[in-house]
Amino acid sequence: MLKGKSLLWIVFIPIFIALFIFSSTNVFAAPDEAPIYYGWLSLLPALVAIGLCFLTKQVLPSLIIGVFVGATITQGWNPLVGFTHTLGILVENLTDSWNATIILFDFVIGGLIGLLFLGGGVYAFAEAMMKKLHNAKWGQVAAYILGAVIFFDDYANTATVGNSFRPVTDKLRISREKFSYIVDATAAPVATLALVSTWVGYEVGLIKDALKAAGSTLAPYTVFLESLPLKFYSIFALVLMAMIVFSGRDFGPMLIAERRARTTGKVFADGARPLSGGIVLRVKEGISYKISNMVVPMVSLIGITLFSIWYTGGGAEVPFGKAIQNADAATSLLWGSMGAVLITIIYFALQRLANLGEMMDSFLEGAKMMVLANLILLSAWSMGDITKSMEAGPFVVNLVEGAPLFIIPVGMFLASCLVSFAMGTSWGTMAIGIPIAVPLGIALGIHPAIMTSTVLTGAIFGDHCSPISDTTVMSSMFSGSDHMDHVNTQIPYAILAGVTAAIGYLLMAFTGFNFWYWGISWVVGFVVLWIALNYLSNRSARALGITPTKDFWKSQQE
């Protein structure tokens, strides 16, 4: 059987040769004559990147090849110019102020992790949690609850939950695949449902512009509030996770991962490549483990980040909720992580736990863990840029506009799912979909909250499970999971929640798009999720030669 690297070259070399032949024979127009409308071709870079990710499990080269394909197409199909343009796109994303801030934040968080291990706080926290959390079930419940509590920003969520609970879930024999799923599914889905978060200002701003363009006098924030119970994917993704965590049921590749972890203690699959790059952090010998060496840094991280979010959003000059909405999330995260590092160094120095040289060595070792993850993140942003420049999003969304009336909402939802999966960006999908969905809905007599919700929650689907999504990458990063193992085990759950959400929007159509009938979609959706979870988990267990009795599922929680 062909290995991942062999598949990579078998796919890459024909693409390069074909593009070279096309350019040298002048089959395609020169860059300045290239058509603006790419049509289905606009999806090719994302399809190549995502396909190679699943075929080879080599995320970084797959993404770069995808960017290269897109860059070559936009440069008149000249692979040599496409190569230089690919490098230009990577540099542009690296020098973008938001991206650079997030990359620096990741390195600083990695350094903080190194310090936490040095001081033994990670082990002390794990031991303390083990006294409270006696089995895998309650370890997952605790991580789920913490993920719901850190609602103000998805990046802060992944960093906090991933770093604090990773040693706990390891001791409880919870697979890294399951842990990264919990981290990922409580990041963007929670942030987009919160009344106050770094997402709200962006979403309300898009709604405001769309309503204005449609000539509507409705209040943007009111439409946003009315859309919350209609964000079916976000709601059903969280409900499905709760069902899984409390019942102990899993299906598909996740069940295989959980059985491996419970029976062998292996939290990784054989051959897995965690985004930590294989770096092992060590505690300093000869010191007593203190839980405060974990709690003080993490409380500092959350506290300073929250203060920074409030401050960068306007501080005391505006209402608290408005300040959170207007915040500079990237800068706030960097301030929070750097402040936590400085407090940790001072706190350790006061204890005489280690000298400055030892602390800096640990900081650098932790930062090194983030190199591969940040390269993948940079490539994912570049992929989003190239698909955006080829107008992939508008192409997909425009396919829905001519559909029958009852198909419009569910069509916009599915289009948003596809765009976000292909582009790896929820905010980019929202920026594409909202200006089209809201005026279209108003013209057809569909409540604006319904059309708004289809885009806002459909955008979360790709953000949640696409291998090129920044949040998915960061969930793998902070959970210490192999990225493609995380994606492969999470996608079946995302698809189940997505199908259930589509059913919810179809039910809204059958009720005549009555906004107040969303409760029917909730009830039907919860029933569908529970029946599907039981059926799929039992079927997966039988496929593994296991009789799916109540005792078996109970054993999965121990």
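Residues numbered from 1 in each chain as written. Predicted model: local features only at pLDDT ≥ 70, side-chain atom pairs only at ≥ 80, totals over all residues. Heavy atoms only, no water.

**Q** Which residues make up the overall build of the protein, and what are the values?
**A** For the protein, the helix and strand inventory stands at 27 helices and zero strands. For the protein, the residues scored as buried account for 58% of the 558 residues in total. Of the accessible surface of the protein, which amounts to about 21900 Å², a share of 68% is contributed by carbon and sulfur atoms. (Helix = DSSP H or I, 4+ residues; strand = E, 2+ residues; numbered from the N terminus. Buried < 20%, exposed > 50% of the residue type's maximum accessible area, 1.4 Å probe, protein only. Areas by Shrake-Rupley, 256 points an atom, 1.4 Å probe, with all protein chains shown as cover.)

**Q** How would you sum up the packing of helix 7 (residues 136–149) against helix 8 (residues 154–171)? Please name residues and give values.
**A** Viewed as axis vectors pointing N to C, helix 7 and helix 8 meet at an angle of 155°, and their least axial separation amounts to 10 Å. When the axes of helix 7 and helix 8 are compared, the pair comes out roughly antiparallel. Between helix 7 and helix 8 lies a crossing of right-handed hand. Here Gly139, Ala142, Ala143, Leu146 and Gly147 of helix 7 come into contact with helix 8, specifically with Asn157, Val161, Ser164 and Phe165. A per-class count over the contact of helix 7 with helix 8 returns five nonpolar, four polar and no charged. (Axes fitted to C-alpha atoms, helices over the stretch in contact; angles between N-to-C directions. Parallel < 35°, antiparallel > 145°, perpendicular 65-115°, else oblique. Left-handed = near helix turned anticlockwise from the far one by under 90°. Contact = heavy atoms within 4.5 Å. Nonpolar A, V, L, I, M, F, W, Y, C, P; charged D, E, K, R; others polar.)

**Q** Which residues make up the nonpolar core, and what values do they have?
**A** Core analysis: the biggest nonpolar cluster contains 153 residues, and Ile102, Ile109, Leu115, Tyr181, Tyr233, Met474 and Phe478 have the highest contact counts within it. Per element, the largest residue contribution to this core is 12 residues, and it comes from helix 13 (residues 232–247). Excluding residues within four positions of it along the chain, tyrosine 233 makes contact with Phe413, Thr457, Ile460, Phe461, His464, Ala494, Ala497, Gly498 and Ala501. In this structure, Leu255, Ile546, Phe552 and Trp553 belong to the second largest nonpolar core, which totals five residues. (Core = buried A, V, L, I, M, F, W, Y, C linked by side-chain atoms within 4.5 Å.)

**Q** Describe in detail the side chain of asparagine 374, supporting the description with residues and values.
**A** Structurally, asparagine 374 can be placed in helix 19 (residues 371–389). Within polar-contact distance, the side chain of asparagine 374 engages the backbone oxygen of isoleucine 103 at 3.4 Å. Residue contacts for asparagine 374: discarding those within four places in its chain leaves Ile103, Asp106, Phe107 and Met477. (Polar contact = N/O pair within 3.5 Å; in protein donor to acceptor, adjacent residues only side chain to side chain.)

**Q** Tell me about the pattern of salt bridges, and name the residues and values.
**A** Opposite charge on two side chains permits pairing when their charged atoms draw close. Summed over all chains, the structure comprises eight salt bridges. A salt bridge links aspartate 270 to lysine 266, with the nearest nitrogen and oxygen atoms 3.3 Å apart. When its relative accessible area of 40% is taken as the criterion, lysine 266 is described as partly exposed. Each of the salt bridges in this network shares a partner with another, and the network as a whole consists of Lys178, Asp250, Glu258 and Arg262. (Salt bridge = Lys/Arg side-chain N within 4 Å of Asp/Glu carboxyl O.)

**Q** Can you explain a nonpolar patch on the surface? Please cite residues and give values.
**A** Residues Leu195, Tyr221 and Leu225 make up a contiguous nonpolar surface patch of roughly 250 Å² in combined accessible area. With respect to the helices and strands, tyrosine 221 occurs in helix 12 (residues 220–227). (Patch = residues over 30% accessible without salt bridge, like charges linked within 9 Å, V, L, I, M, F, W, Y side chains within 5 Å.)

**Q** Report on the packing of aromatic side chains, specifying residues and quantitative values.
**A** Within the structure shown, the criterion is met by 16 aromatic pairs. An angle of 85° between the planes, with centres 6.3 Å apart, marks the rings of tryptophan 138 and phenylalanine 246 as edge-to-face. A residue pair is termed long-range when its members are at least 10 positions apart, and tryptophan 138 in helix 7 and phenylalanine 246 in helix 13 qualify at 108 residues. Residue tryptophan 138 is classed as partly exposed on the basis of its relative accessible area, which comes to 39%. (Phe/Tyr/Trp six-rings, centres within 6.5 Å; stacked < 30°, edge-to-face > 60°.)

**Q** Before we move on, could you go through the packing of helix 2 (residues 44–56) against helix 19 and cite the residues and values that matter?
**A** At a minimum axis separation of 9 Å, helix 2 and helix 19 run at an interaxial angle of 150°. On the basis of their axis angle, the class for helix 2 and helix 19 is roughly antiparallel. Seen from helix 2, the contacting residues are Pro45, Ala46 and Ala49; seen from helix 19, they are Met383, Ile386 and Thr387. Broken down by class, the residue content of the contact of helix 2 with helix 19 amounts to five nonpolar, one polar and no charged.

**Q** Can you explain the environment of threonine 429? Please cite residues and give values.
**A** Position of threonine 429 relative to the elements: it lies in helix 22 (residues 426–444). By relative accessible area, which is 2% here, threonine 429 ends up buried. Here the alpha-carbon distance between threonine 429 and lysine 388, two residues 41 residues apart in the chain, equals 9.5 Å. Beyond its immediate sequence surroundings of up to four residues, threonine 429 is in contact with Ser416, Val419, Ser420, Val455 and Ala459.

**Q** Quick one: what's the story with unusual backbone geometry, residue by residue and with numbers?
**A** Most of the time, phi is negative for any residue but glycine, and the peptide bond is trans. Unusually for a residue other than glycine, tryptophan 77 sits at a positive phi of about 65°. You can see tryptophan 77 is positioned in the loop between helix 3 (59–74) and helix 4 (79–95). Phi at arginine 352 is positive, roughly 55°, even though this residue is not glycine. With respect to the secondary-structure elements, arginine 352 resides in the loop between helix 17 (329–350) and helix 18 (356–368).

**Q** Give me the state of the cysteines: which residues, what numbers.
**A** Under the defined criterion, the tally for this structure stands at zero disulfides. The thiol of cysteine 417 is unpaired, and the distance to the nearest cysteine sulfur, on cysteine 465, comes to 8.2 Å. (Disulfide = S-S within 2.5 Å.)

**Q** Give a detailed account of the environment of glycine 384, specifying residues and quantitative values.
**A** As for its position among the elements, glycine 384 is in helix 19. Here the alpha-carbon distance between glycine 384 and serine 469, two residues 85 residues apart in the chain, equals 8.8 Å.

**Q** Which residues make up helix 6 (residues 121–132), and what values go with them?
**A** Over its 12 residues, helix 6 runs 17 Å from end to end, which matches the ideal 16 Å to within 8%, given 1.5 Å per residue. Every buried residue belonging to helix 6 is among Gly121, Val122, Ala124, Phe125 and Ala126, and all of these are buried. Considering only its buried residues, helix 6 is in contact with helix 5 (97–118), helix 8 and helix 15 (292–312). (Expected span 1.5 Å × (residues − 1).)

**Q** Before we move on, could you go through helix 21 (residues 408–423) and cite the residues and values that matter?
**A** An ideal rise of 1.5 Å per residue puts 22 Å on 16 residues; helix 21 measures up with 22 Å between its terminal C-alpha atoms. Across the 16 residues of helix 21, 14 count as buried, placing the element largely inside the fold. One or two positions beyond helix 21, positive phi appears at glycine 424, with a value near 75°.

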